[in-house]
Amino acid sequence: LEVIRDLLKQIAYLHSVSLKHTSWSTLVADLPHSYYAHTIGNFDETMNFFERQDVDHSRFVHIGKYFSDEYLHSTATETTERLSIPKVLVHGEPYASNIFTKTEGKEQRILSLIDWTEGHSGCFAEDVAKIICWNLNAKERVDNTSSLLEGYHFHLARYYDGDCPFTVDIIQRAYEIFVPFAMVSLCGKVIAGKNKTDQEALIDRAKSLIQHVYAIERVNE
């Protein structure tokens with residue numbers, strides 16, 4: 001959990017710098033539709049896999065609309081306009097295998113974040129939602145999301161050194177928009193590595209996100 005707090009701090013620094021210095025935006029483009037189609041893969045394969053992992057079919061009846069490249073692409077590229085906020089440089093792949101840590105006293109701290117091949121222009125909440133949803137189990141996520149978002153805002157405002165363009169309310173709203181996005185992309189990672197032997201934790205996180213998004217959909221019906 002403390003590593004995740006530190007990762008959000010480092011991502012806040014990246015986002016604040018990209019907000020203040022925008023020359024990067026002429027060099028870094030949005031990701032194409034084909035990238036998101038690859039992320040999703042085959043929906044039937046994904047559904048069948050998770051049903052074998054004891055996920056009820058009814059979950060996919062309600063959340064299946066999110067498993068489309070159009071949804072992923074529009075969420076990634078249009079959310080900033082929807083919320084009237086500026087774009088940032090998004091890392092896009094902030095999960096455990098791309099993180100190196102070091103020990104400082106009794107704590108683990110971020111040493112480096114690698115694999116910038118999927119960096120793109122977009123909404124800050126894509127990184128934030130993926131950091132929280134991909135790297136924490138269900139209980140950790142539920143118990144700590146509010147404090148993690150507040151911590152991200154604190155560091156973003158501190159690094160921005162001025163009137164931060166994102167309020168805590170905007171950060172919370174944008175995070176909620178990107179939770180289904182994080183769910184779909186995590187499911188894609190699970191399917192891509194389904195033959196690996198160390199996938200249990202990743203599968204459990206994906207299952208908990210499926211249930212979470214399903215519950216939200218039922219409430220909103």
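Residues numbered from 1 in each chain as written. Predicted model: local features only at pLDDT ≥ 70, side-chain atom pairs only at ≥ 80, totals over all residues. Heavy atoms only, no water.

The chain has the name CHK domain-containing protein in an unreviewed UniProt entry, where Caenorhabditis japonica is given as its organism.

It is worth spelling out the overall build of the chain at this point. When helices and strands are counted, the chain shows nine helices and four strands. Walking the chain from its N terminus toward its C terminus, one meets helices and strands in the order α-α-α-α-α-β-β-β-β-α-α-α-α. On C-alpha atoms alone, the chain measures out to a radius of gyration of 17 Å, which is about the 17 Å that the 2.2 N^0.38 rule sets for 221 residues. In terms of overall dimensions, the chain has C-alpha extents of about 50 × 40 × 35 Å along its principal axes. About 10900 Å² of surface is accessible on the chain, with carbon and sulfur atoms providing 50% of the total. Distance between charge centres in the chain, computed from 22 positive and 31 negative side chains, equals 4 Å. (Helix = DSSP H or I, 4+ residues; strand = E, 2+ residues; numbered from the N terminus. Rg over C-alpha atoms; globule rule 2.2 N^0.38 Å. Areas by Shrake-Rupley, 256 points an atom, 1.4 Å probe, with all protein chains shown as cover. Lys, Arg positive; Asp, Glu negative; His and termini not counted. Charge placed at Lys NZ, Arg CZ, Asp CG, Glu CD.)

Right, let's get into the packing of helix α5 (residues 69–83) against helix α8 (residues 168–192). Closest axis-to-axis distance for the α5/α8 pair is 10 Å, and the angle between their directions is 175°. Put simply, α5 runs roughly antiparallel to α8. The residues of α8 that touch α5, namely those facing Tyr71, Leu72, Thr75, Ala76, Thr79, Arg82 and Leu83, are Ile170, Arg173, Ala174, Ile177, Phe178, Pro180, Phe181 and Val184. Here the contact of α5 with α8 is composed, by residue class, of 11 nonpolar, two polar and two charged. (Axes fitted to C-alpha atoms, helices over the stretch in contact; angles between N-to-C directions. Parallel < 35°, antiparallel > 145°, perpendicular 65-115°, else oblique. Contact = heavy atoms within 4.5 Å. Nonpolar A, V, L, I, M, F, W, Y, C, P; charged D, E, K, R; others polar.)

Further remarks concern the packing of aromatic side chains. On inspection of all chains with the given rule, the structure shows 12 aromatic pairs. An angle of 80° between the planes, with centres 5.1 Å apart, marks the rings of tyrosine 13 and tyrosine 159 as edge-to-face. Of the two residues, tyrosine 13 is situated in helix α1 (residues 2–20) and tyrosine 159 in helix α7 (residues 138–160); the sequence distance between them amounts to 146 residues. For the pair phenylalanine 49 and phenylalanine 50, a centre-to-centre distance of 5.2 Å together with 85° between the ring planes defines the contact as edge-to-face. Counting every residue linked through ring pairs, the aromatic cluster contains Tyr35, Tyr36, Phe178 and Phe181. (Phe/Tyr/Trp six-rings, centres within 6.5 Å; stacked < 30°, edge-to-face > 60°.)

All right, on to helix α3 (residues 43–52) then. Among the residues of α3, Thr46, Met47, Phe49 and Phe50 are the ones counted as buried. When α3 is viewed along its axis, its buried side chains cluster within an angular range of 165° and face the same direction. The N-terminus of α3 is capped by asparagine 42, whose side-chain oxygen sits 3.0 Å from the backbone nitrogen of aspartate 44. Positive backbone phi, approximately 70°, marks aspartate 54, located one or two places after α3. (Buried < 20%, exposed > 50% of the residue type's maximum accessible area, 1.4 Å probe, protein only. Arc of directions from axis to C-beta. Polar contact = N/O pair within 3.5 Å; in protein donor to acceptor, adjacent residues only side chain to side chain.)

UniProt records the feature "domain: CHK kinase-like" (unreviewed entry) at residues 1–162, using the numbering of this structure. Taken as a whole, residues 1–162 contains 58% helix and 12% strand, while its terminal C-alpha atoms sit 29 Å from one another. (UniProt positions renumbered as here; feature names shortened; annotations may be inferred.)

Mapped onto the secondary structure, serine 18 falls in helix α1. In this structure serine 18 comes out as buried when scored by relative accessible area, which is 4%. A polar side-chain atom of serine 18 sits 3.1 Å from the main-chain amide nitrogen of leucine 89. Contact partners of serine 18, with chain neighbours within four places excluded, come to Trp24, Val88 and Leu89.

With that settled, the discussion passes to a nonpolar patch on the surface. On the surface, a nonpolar cluster with roughly 280 Å² of combined accessible area is contributed by Phe100, Leu111 and Ile114. Its relative accessible area of 33% is what places isoleucine 114 among the partly exposed residues. (Patch = residues over 30% accessible without salt bridge, like charges linked within 9 Å, V, L, I, M, F, W, Y side chains within 5 Å. Salt bridge = Lys/Arg side-chain N within 4 Å of Asp/Glu carboxyl O.)

Now for the pattern of salt bridges. In this structure the tally under the stated criterion is 10 salt bridges. The closest approach of N and O atoms between lysine 130 and glutamate 126, which form a salt bridge, is 2.9 Å. Here lysine 130 and its partner glutamate 126 are both found in helix α6 (residues 124–135), four residues apart, which amounts to about one turn of the helix. Given a relative accessible area of 2%, glutamate 126 falls into the buried group.

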